[in-house]
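Each chain is listed here by its residues.
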Amino acid sequence: MSGLQDLKKNLFGGTTSVGRQFGMIFTLVAIVLLFQVLTDGLTLTSGNLIAVVSQYSYILILAIGMLMVIVAGHIDLSVGSVAAFTGIVVAKAIQNFDVPWPLGIVLGLVVGALIGAWQGFWVAYIGVPAFIVTLAGMLLFRGGNQFIGNADTVPVPEGFRTIGAGYLPEVGPATGYNNLTLLLGLIGCLAVAWREWQARRTRQEMGAEPAPLWISGVRLAVMVGVIIFATLRFAGGRVGTSLPVSGIILIGLVLIYSFYTRNTVSGRRIYAVGGNARAAELSGVKLQRVNFFVMTNMGILAALAGMIFVARSAASGPQDGLSWELDAIAAVFIGGAAVSGGLGTVSGSIVGGLVMALLNNGLQLMGVGVDLVQMIKGLVLLFAVALDVYNKSQGRFSVIDSITRPFRREGPPAAPVPADVSRPNDKTPAAS
């Protein structure tokens, strides 16, 4: 096998579609480079990258929860309204009842969990389609936000603002960079190197042939290079700024949910339900529990996203959360999730969200009007979903699925479908 073929097969996990392998990553890189040129170098400045993470972290958090909802075969149209409702409840509780802001955050998560459980009950146990339940929730909680807040803005205290507008503090000797951000970058590089080494060792223990050593070296060099570049950018912002606290929360959630969806039995069952609900049920998966969980989890993450936005804005208002659900859904589909459910990754959704965030940011830096920005974002979403439908018809894979395959745990899915029931139900529609 030639060196180029080795690279094609092993660097990103191998696939039958070169365009689908590299398309999404190339799209993200192309957007960055294009706007770097068109904005005279503003796109990759420390200040702009810090602003992008601070401004769009709540959408990326929503995308994590929305991924699980869509993978399970559902959709959630209420996340923006739930986020706004939670924000006003927390702001009012802190202002009117002197609730300490840390307890206010806990209150917000509880409110989100209760709302998610309420909607999950109707979807999982009553059988009302998630589209209808969350459409009703969108109206209900949007009205609740305006009713409780009396259509006014409600400020939040300084301490609460840390989760949305805070940065890693300056500690240690004066290095010209934020030392805590540098430390996080070092940990990230070591973690990537360890994971690559462990992946090779696992394949060897299983008797499988690992990728050529030079392929692992190239893959490791690319990932470490990206981490180092990002670390220096975030650590080298103006004094008082660094990696935003909201970005740290986002990174933590990405790691937790990536592990959960890839390496746990309950996480793999979400994919089983979305891929073939009937076959998953016959293999022992409790459909009601899975559907109830993904809706409840979405409520919690929507509440967290709402509080981060309120913290960044320093107040809760009646216009909070408008169209957030559309941005979250767009991020998931652009990131490679299948419209019919059963396919998608957390990392893919984050990449999709970054594509939308950087596209939006670049157009704003160029002074493009909001109307044209919305039109362009709509076209990007349409073409992304059309590409997904086309590649599905050709039997091709998601680029993000291919990229992350070398870092997955080897072995069969946690919830296998028996051979005697999988084929007769291949065309069974996923739960809606």
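Residues numbered from 1 in each chain as written. Predicted model: local features only at pLDDT ≥ 70, side-chain atom pairs only at ≥ 80, totals over all residues. Heavy atoms only, no water.

In the nomenclature of an unreviewed UniProt entry, the protein is known as Xylose transport system permease protein XylH of Kribbella albertanoniae. Under the UniProt heading Subcellular location (unreviewed entry), the note attached to the protein is "Cell membrane". What the UniProt record of the protein gives under Function (unreviewed entry) is the line "Part of the binding-protein-dependent transport system for D-xylose. Probably responsible for the translocation of the substrate across the membrane." (UniProt positions renumbered as here; feature names shortened; annotations may be inferred.)

Q: Please explain the overall build of the protein as it appears in this structure.
A: On a plain count of helices and strands, the protein comes out with 18 helices and two strands. Counted over contacts in the protein with a minimum sequence separation of 6, partners at least 24 positions apart contribute 81%. Split by element, the accessible area of the protein, about 20100 Å² in all, is 68% carbon and sulfur. (Helix = DSSP H or I, 4+ residues; strand = E, 2+ residues; numbered from the N terminus. Contact = heavy atoms within 4.5 Å. Areas by Shrake-Rupley, 256 points an atom, 1.4 Å probe, with all protein chains shown as cover.)

Q: Explain the packing of aromatic side chains to me, please; I cannot follow it from the model alone.
A: This structure, assessed with the given rule, holds nine aromatic pairs. On the basis of an interplanar angle of 70° and a centroid distance of 5.1 Å, the ring pair of Y58 and F309 is categorised as edge-to-face. Separated by 251 residues along the polypeptide, Y58 in helix α3 (residues 46-71) and F309 in helix α13 (residues 287-313) bring together distant segments of the chain. Residue Y58 is classed as buried on the basis of its relative accessible area, which comes to 11%. (Phe/Tyr/Trp six-rings, centres within 6.5 Å; stacked < 30°, edge-to-face > 60°. Buried < 20%, exposed > 50% of the residue type's maximum accessible area, 1.4 Å probe, protein only.)

Q: Would you take a moment to explain unusual backbone geometry for this structure?
A: Most peptide bonds take the trans form, and the phi angle of most residues other than glycine is negative. The phi dihedral of D98 falls on the positive side, at around 55°, and the residue is not glycine. When you line up the elements, D98 lands in the loop between α4 (79-97) and α5 (101-126). For D98, a relative accessible area of 65% gives the class exposed. Not every positive phi belongs to a glycine, and S323 is a case in point at roughly 65°. Of note, S323 is situated in the loop between β2 (315-316) and α14 (324-334). On the accessibility criterion, S323 (38% relative accessible area) is partly exposed.

Q: For this particular structure, what's the right way to read the packing of α5 against α13?
A: The packing of two helices is summarised by the inter-axis angle and the distance between the axes. Where α5 meets α13, the closest approach of the two axes is 7 Å, and the angle between their N-to-C directions is 150°. Note that α5 runs across α13; the crossing there is right-handed. Looking at side-chain class alone, the contact of α5 with α13 contains 14 nonpolar, ten polar and one charged residues. (Axes fitted to C-alpha atoms, helices over the stretch in contact; angles between N-to-C directions. Left-handed = near helix turned anticlockwise from the far one by under 90°. Nonpolar A, V, L, I, M, F, W, Y, C, P; charged D, E, K, R; others polar.)

Q: I would appreciate a short explanation of the confidence of the model for the protein in the present structure.
A: Low-pLDDT stretches of the model should not have their predicted coordinates read in fine detail. In this model, the protein carries an average pLDDT of 85, and 84% of its residues clear a pLDDT of 70 or more. Across residues 13-22, confidence stays below pLDDT 50; counting only partners more than four residues off in sequence or on other chains, it has 28 contacts. When the criterion is pLDDT under 50, residues 397-432 qualifies, and its contacts beyond four places in sequence or with other chains add up to 84 contacts. (pLDDT = per-residue confidence, 0-100.)

Q: Explain the side chain of S78 here, please?
A: Looking at the element boundaries, S78 is found in the loop between α3 and α4. Classification of S78 by relative accessible area gives buried; the value is 1%. Only 3.1 Å separates the side chain of S78 from the side chain of Q119, close enough to count as a polar contact. Sequence-distant contacts of S78, that is, excluding residues within four places in its chain, are made with Q119, T134, G137 and M138. (Polar contact = N/O pair within 3.5 Å; in protein donor to acceptor, adjacent residues only side chain to side chain.)

Q: Just to check I follow, could you spell out the nonpolar core for this structure?
A: The tendency in soluble globular proteins is for nonpolar side chains to be buried as a group. The biggest cluster of nonpolar side chains holds 71 residues, and the ones touching the most others in it are I61, L62, I64, M66, I70, F160 and I270. Of all the elements, α13 adds the most residues to this core, at 14 residues. In this structure, F35, I50, V355 and L363 belong to the second largest nonpolar core, which totals 24 residues. (Core = buried A, V, L, I, M, F, W, Y, C linked by side-chain atoms within 4.5 Å.)

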